[in-house]
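Read off the chains here:
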Amino acid sequence: ITLDDSTYPRLLASVLSFIALSWRRRFHLVIDLEVYSKFSTILSTLPCAGDRAGYYVITTLFRNGLYTHLVYYNRQRHVQEAYRQLGLALGVDAEMGRPASPHVSDAERQSVRARLGQWGSGGRRLLLVNPNAGDLCLERRWLPERFARLAAHFSAREDTAVVLTGTPAEAEYTESVRQMITPELRTRVMNAAGALDFGEFLALIERADVLVTGDSGPLQLAVALGTPTVSVFGPCAPEAY
């Protein structure tokens, strides 16, 4: 069930649709994995499920009484441990291990091989660079000029192809990073932001020799796919992710 937040009327309509659906389905359990959001608290409470589980910190003590199972969210522990603690509160114990690898089809791999060939990147080592971060915390982005310097340094190597990644909404910002590279090297750096569907993006990460990124979704996908990563963290605590 996806909430459409593109406009306020659509958000309201999708929230009302969700509430109506939850009442019809009569949910038994709602788990809220958001730590700070008051909005998620509202969405987790309105279905009136018999069991409601979530986290609390100093700013969300109001959840006491609204949720039947509350777990303190310790920012100094890895997020997997936080999820495990919530499971324990619900009577479920599981060993924490490597996340399941997302499925990548042969057709998606073939499509990415063809695109890399079109970009003149086929057959070379592939450095994937994600200069972006989620809209909720843009301060997590490493400085764009530093990403540009990194891309320029490796694009000068004959054995390495450099590809910048991002979502369609991030294409303009990603291109602004590419434009910081000197013209003679800029032509050797491809901006793939918004050019791939999700399956192709997974195949691109799988194909990469290394991904350089900030604290972001692509980092988690690369870990799940077994692709080596170099991650730049700030200002949040890296031990959590």
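Cut-off values and rules
- Residues numbered from 1 in each chain as written.
- Predicted model: local features only at pLDDT ≥ 70, side-chain atom pairs only at ≥ 80, totals over all residues.
- Heavy atoms only, no water.
- Helix = DSSP H or I, 4+ residues; strand = E, 2+ residues; numbered from the N terminus.
- Buried < 20%, exposed > 50% of the residue type's maximum accessible area, 1.4 Å probe, protein only.
- Contact = heavy atoms within 4.5 Å.
- Areas by Shrake-Rupley, 256 points an atom, 1.4 Å probe, with all protein chains shown as cover.
- Lys, Arg positive; Asp, Glu negative; His and termini not counted.
- Charge placed at Lys NZ, Arg CZ, Asp CG, Glu CD.
- Pairing = 2+ DSSP bridges.
- Axes fitted to C-alpha atoms, helices over the stretch in contact; angles between N-to-C directions.
- Right-handed = clockwise from strand over helix to strand, strands pointing away.

**Points about the overall build of the chain**
The helix and strand inventory of the chain stands at 9 helices and 8 strands. In the chain, buried positions account for 37% of the 241 residues. Of the contacts made within the chain by residues no fewer than 6 positions apart, 56% connect residues no fewer than 24 positions apart. Taken as a whole, the chain presents about 13700 Å² of accessible surface, with 57% of it coming from carbon and sulfur. Of the side-chain charges in the chain, 25 are positive and 25 negative, and the distance between the mean point of each set is 1 Å.

**Quick notes on the pairing of strand β5 (residues 160-164)**
Among the 5 residues of β5, 5 are classified as buried, and the element is accordingly described as predominantly covered. Alternating positions in β5 separate into two faces, T160, V162 and L164 on one and A161 and V163 on the other, with burial throughout. Alignment of strand β4 (residues 125-130) against β5, held across 5 bridges, turns out to be parallel. Paired with V129 across the strands is L164, a residue of β5.

**A closer look at the sheet that holds strand β3 (residues 69-72)**
Taken together, 3 strands build an open sheet; the order of strands is β1-β2-β3 and the sheet is parallel. The open sheet terminates on both sides in strands that have one partner only, identified here as β1 (29-32) and β3. Put simply, the sheet's adjacent strands are angled 15° from each other on average, direction ignored. Pairing analysis gives 4 bridges linking strand β2 (residues 51-56) to β3, with the strands arranged parallel. Bridged to G54 within β3 is L70. In the packing of helix α2 (residues 38-45) onto the sheet, the strands contacted are β1 and β2, and the crossing angle to β1 comes to about 175°. Taken strand by strand, helix α3 (residues 79-89) contacts β1, β2 and β3, and its axis lies near 145° from that of β2.

**Section: the sheet that holds β5**
With respect to topology, 5 strands assemble into an open sheet ordered β6-β5-β4-β7-β8, the strand pairing being parallel. On the outer flanks of this sheet lie β6 (189-191) and β8 (229-232), each paired with one strand and no other. Neighbour to neighbour, the strand axes of the sheet diverge by 20° on average, direction disregarded. One ladder, built from 4 bridges, connects β4 with strand β7 (residues 210-214); its direction is parallel. In the strand pairing of β7, L127 is matched with V210. Sheet contacts for helix α5 (residues 144-155): β4, β5, β6 and β7; angle to β5, the most-contacted strand, approximately 155°. Sitting on the sheet, helix α6 (residues 171-178) touches β5 and β6, and the angle it makes with β6 is about 165°.

**Points about the pairing of β8**
As paired strands, β7 and β8 are joined by 4 bridges and run parallel to one another. Bridge assignment links G214 to a residue of β8, and that residue is V232. The β-α-β motif built from β7, the intervening helix α9 (residues 217-225) and the parallel element β8 has right-handed crossover chirality.

Note that all results are geometric; they support no functional claim without further evidence.
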